[in-house]
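# Residue-level structure breakdown
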Amino acid sequence: MIGMLGIVLIFVMVFGGYLAAGGKLGIILKSLPFEMMMIGGAATGAFLLSNDLSGIKHTIRDIGKVFKGSKWREGDYRDLLCLLFELLRVVRQNPVAIEQHIETPEESIIFQKYPKILSDKEAVALICDTLRSASMNYDDPHQVEEVLEKRIEANLHQSMHSSHALQTVADGLPALGIVAAVLGVIKTMASIDQPPEILGKMIGGALVGTFLGVFLAYGLVGPFAAKVKSVIEEDAHFYQLIREVMIANLHNHATNICIEVGRQNTPSHCRPSFITLEEALKNLKQDVA
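Report follows, based on the coordinates. (Residues numbered from 1 in each chain as written. Predicted model: local features only at pLDDT ≥ 70, side-chain atom pairs only at ≥ 80, totals over all residues. Heavy atoms only, no water.)

## Observations regarding the overall build of the protein
What counts here: Going along the chain from the N terminus, every DSSP run of H or I of four or more residues is numbered as a helix, and every run of E of two or more is numbered as a strand. All radius of gyration figures rest on C-alpha atoms, and the globule criterion is 2.2 Å times the number of residues raised to 0.38. Any residue under 20% of the maximum accessible area for its type is buried, any over 50% is exposed, and the rest in between are partly exposed; the area is computed with a 1.4 Å probe on protein chains only. Residue contacts follow a heavy-atom distance rule, with two residues in contact if any of their heavy atoms lie within 4.5 Å. Exposure was quantified through the Shrake-Rupley algorithm and a 1.4 Å probe, taking into account, for residues, occlusion by the shown protein chains and nothing else. Note on charges: Lys and Arg go in the positive column, Asp and Glu in the negative column, and His and the chain ends are not counted at all. Every charge is mapped onto a representative atom, which is NZ of Lys, CZ of Arg, CG of Asp or CD of Glu.
The helix and strand tally for the protein stands at 13 helices and zero strands. Scanning the protein from its N terminus toward the C terminus, one meets helices and strands in the order α-α-α-α-α-α-α-α-α-α-α-α-α. Radius of gyration (C-alpha) of the protein: 27 Å, far over the 19 Å computed for a compact globule of 289 residues. Counting only C-alpha atoms and orienting by the principal axes, one finds that the protein spans roughly 90 × 35 × 30 Å. For the protein, the residues scored as buried account for 40% of the 289 residues in total. Contacts spanning at least 24 positions in sequence make up 77% of the contacts within the protein whose residues lie at least 6 apart. Surface exposure of the protein reaches about 16100 Å², of which carbon and sulfur atoms provide 63%. Of the charged side chains in the protein, 26 are positive and 31 negative; the average position of the first set lies 7 Å away from that of the second.

Written out as structure tokens, the structure reads:
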């Protein structure tokens, strides 16, 4: 909703201000299809040229994040902490019993309580791989922390591809706008024998190319790239929380302390309160009892 409001506000303020200053949309609307064909078509071609098929699909899919926002909400962070609490409790009580949960998480009664988390392959893999490594005595907290940090960084770098691709397009749009404007000037110069009123319209149409390139770059595509980057970085906190809890567990802290470490490392706007989380954990204990 906020993303759509921002787009509407951009168009209203730019073109509304132009009309309020006495400008006429006629010349812009007349030139727009041709300028958009040159600038938009060239930008799309450059995007296709600089990305492979998976990168193209990834970028198109991530554009939706501009309007949807972050995937993980406060309730999801609470659920993650509850999930980790249940798994760590099993590890402490019966290390052998954890195997059925981490080998086939889709069949685990613990994971099935949290379908949204279960549907995220990376979150599930991060949890299961770390618990599996600990069961194989690969339990040096510092080594595991380094491995998890590199894994999360690698995933973040890969996820950032769509933001970088959009920003590259945004960086190129002003130059493509100049290209379109130059072509318009060339066309105008070929008609230099025409009356001033005709030449004025032709020059105005050429300048639409420059306007369109800058407008698309800084008014739409650039902000899209920035928003996608912001959402991806925010979603990455979800996986970093998993790392913090798992490392705390390897340091042999009490299960409740491990979960509190995770809660404290949750972004402030998504962090469940201590009382809310405590009540959720008490309900889990009552269900088991």
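## Details of a positive patch on the surface
Applicable threshold: Patch membership requires more than 30% relative accessible area and the absence of a salt bridge. Residues of like charge join within 9 Å; the nonpolar side chains Val, Leu, Ile, Met, Phe, Trp and Tyr join within 5 Å. Take a side-chain nitrogen of Lys or Arg and a carboxyl oxygen of Asp or Glu: if they are within 4 Å of each other, that pair is a salt bridge.
On the surface, Lys24, Lys30, Lys187 and Lys201 cluster together into a patch of positive charge. Within the secondary structure, Lys201 sits in helix H11 (residues 196-250). Taking relative accessible area as the criterion, Lys201 reaches 62% and is therefore assigned exposed.

## Remarks on the side chain of Asn51
Selection rule: Think of a polar contact as two N or O atoms within 3.5 Å of one another; within protein, one of them needs to be a possible hydrogen donor and the other a possible acceptor, and neighboring residues in sequence only count if both atoms come from side chains.
With respect to the helices and strands, Asn51 occurs in the loop between helix H2 (26-50) and helix H3 (53-62). Taking relative accessible area as the criterion, Asn51 reaches 11% and is therefore assigned buried. Among the polar contacts listed, one links the side chain of Asn51 to the backbone oxygen of Phe47, at a separation of 2.8 Å. One polar contact links Asn51 to Ser50, side chain to side chain, over a distance of 3.2 Å. Ignoring sequence-local partners within four residues, the contact set of Asn51 consists of Ile56, His161 and Ala165.

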